[in-house]
Amino acid sequence: MSFDLWLAFTLAAALLIAIPGPTNLLVVAYTLQQGKRAGLATVFGVLPGIATSMALSFAGLGAVLAASAEAFLVMKWIGAAYLIYLGIRQWRAPVADSGLASGVMASTKRRMLREAFLVTLLNPKGIIFFSAFFPQFLNTGEAVAPQMAILGATFLLLVLPINTGYALTAEILRKRLSRADWRRALNRAGGALLVGAGLLTLSLRRS
């Protein structure tokens, strides 16, 4: 793979990752609710979700979802329902207490890691995206597997700083609005973002 081809992939991937989607909105929502550490925990849940989506895409699931309307519809509805459930739960959540015991916080972060992983994995468009996007940057005259590994690693490395940027930006807003009534409003804003992401997922088409 030439450097020019890799650079073109990097620029295109960075732009696509930066466009707000379900995973970005999940990072923002949890940061607004519980702060920067929660947002960063969510970022690290997104990474294995994307890696798993890539693996499934390369294994052929992307082609199945692109070809089967039924499979795509089932996965889309599961993913959308999960996002809407998370949004309603956050909308109704009490204002976060900064004095929570460390054990409770650790449990919460583990839950966020799991939820970020599932939200990322249950997005059928992501799996199809990898099947369609990556091959455009492959040198067909060379071995494909090493090139896919390079592109996959590059994509994951881009996800980390871009989603961290989303978390840090949301944290700035959260710090400026520190009163309890504002925190409650932020919880509801985060919940609305997740419900909106769920509705956006429902609008996905296979094409």
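Above this text is the structure in question.
Residues numbered from 1 in each chain as written. Predicted model: local features only at pLDDT ≥ 70, side-chain atom pairs only at ≥ 80, totals over all residues. Heavy atoms only, no water.

Turning our attention to the side chain of Asn24. Of note, Asn24 is situated in helix H2 (residues 22–34). Only 3.2 Å separates the side chain of Asn24 from the backbone oxygen of Ile17, close enough to count as a polar contact. (Helix = DSSP H or I, 4+ residues; strand = E, 2+ residues; numbered from the N terminus. Polar contact = N/O pair within 3.5 Å; in protein donor to acceptor, adjacent residues only side chain to side chain.)

Next up on the list: the packing of H2 against helix H3 (residues 36–58). With their axes 7 Å apart at the nearest point, H2 and H3 run at an angle of 155° to one another. Classified by the interaxial angle, the pair formed by H2 and H3 is roughly antiparallel. Here H2 runs over H3; the crossing is right-handed. On H3, the residues that touch Thr23, Leu26, Val27, Tyr30, Thr31 and Gln34 of H2 are Lys36, Ala38, Gly39, Thr42, Val43 and Val46. Classifying every residue of the contact of H2 with H3 by side-chain character gives 6 nonpolar, 5 polar and 1 charged. (Axes fitted to C-alpha atoms, helices over the stretch in contact; angles between N-to-C directions. Parallel < 35°, antiparallel > 145°, perpendicular 65-115°, else oblique. Left-handed = near helix turned anticlockwise from the far one by under 90°. Contact = heavy atoms within 4.5 Å. Nonpolar A, V, L, I, M, F, W, Y, C, P; charged D, E, K, R; others polar.)

Let's shift gears to the environment of Lys36. Here Lys36 shows up in helix H3. By relative accessible area, Lys36 is classed as partly exposed at 36%. Expressed as a C-alpha distance, the spacing of Lys36 and Ala170, which sit 134 residues apart in the sequence, is 8.0 Å. Non-local contacts of Lys36, meaning those with residues more than four positions away in its chain, are made with Thr31, Leu168 and Glu171. (Buried < 20%, exposed > 50% of the residue type's maximum accessible area, 1.4 Å probe, protein only.)

Every α-helical turn comprises 3.6 residues, leaving residues that sit three or four positions apart pointing alike. Compared with the 33 Å implied by 1.5 Å per residue over 23 residues, the 33 Å span of H3 between its first and last C-alpha is a close match. Of the residues flanking the end of H3, it is Gly60, one or two places downstream, whose phi is positive at about 115°. (Expected span 1.5 Å × (residues − 1).)

Another point: the packing of aromatic side chains. Counting across every chain of the model gives 10 aromatic pairs. Here the aromatic rings of Phe9 and Phe137 are separated by 5.4 Å at their centres, their planes lie at 75°, and the arrangement is edge-to-face. One end of the pair, Phe9, is in helix H1 (residues 3–18); the other, Phe137, is in the loop between helix H7 (124–133) and helix H8 (144–176), and 128 residues separate them in sequence. Given the relative accessible area of 0%, Phe9 is considered buried. You can call Phe137 buried: its relative accessible area is 11%. Taking 5.2 Å as the distance between ring centres and 85° as the angle between the ring planes, the aromatic pair formed by Phe130 and Phe155 counts as edge-to-face. (Phe/Tyr/Trp six-rings, centres within 6.5 Å; stacked < 30°, edge-to-face > 60°.)

Among the nonpolar cores identified, the biggest contains 32 residues, and Phe9, Leu26, Ile50, Leu86, Phe134, Phe155 and Val159 are the most heavily contacted of them. Those elements that provide at least two residues to this core are H1, H2, H3, helix H5 (69–91), helix H6 (102–121), H7, H8 and helix H9 (180–202). Counting residues per element, this core draws most heavily on H8, at 6 residues. The contact partners of Phe9, leaving out residues within four places of it in the chain, are Phe133, Phe134, Phe137, Leu151, Thr154 and Phe155. (Core = buried A, V, L, I, M, F, W, Y, C linked by side-chain atoms within 4.5 Å.)

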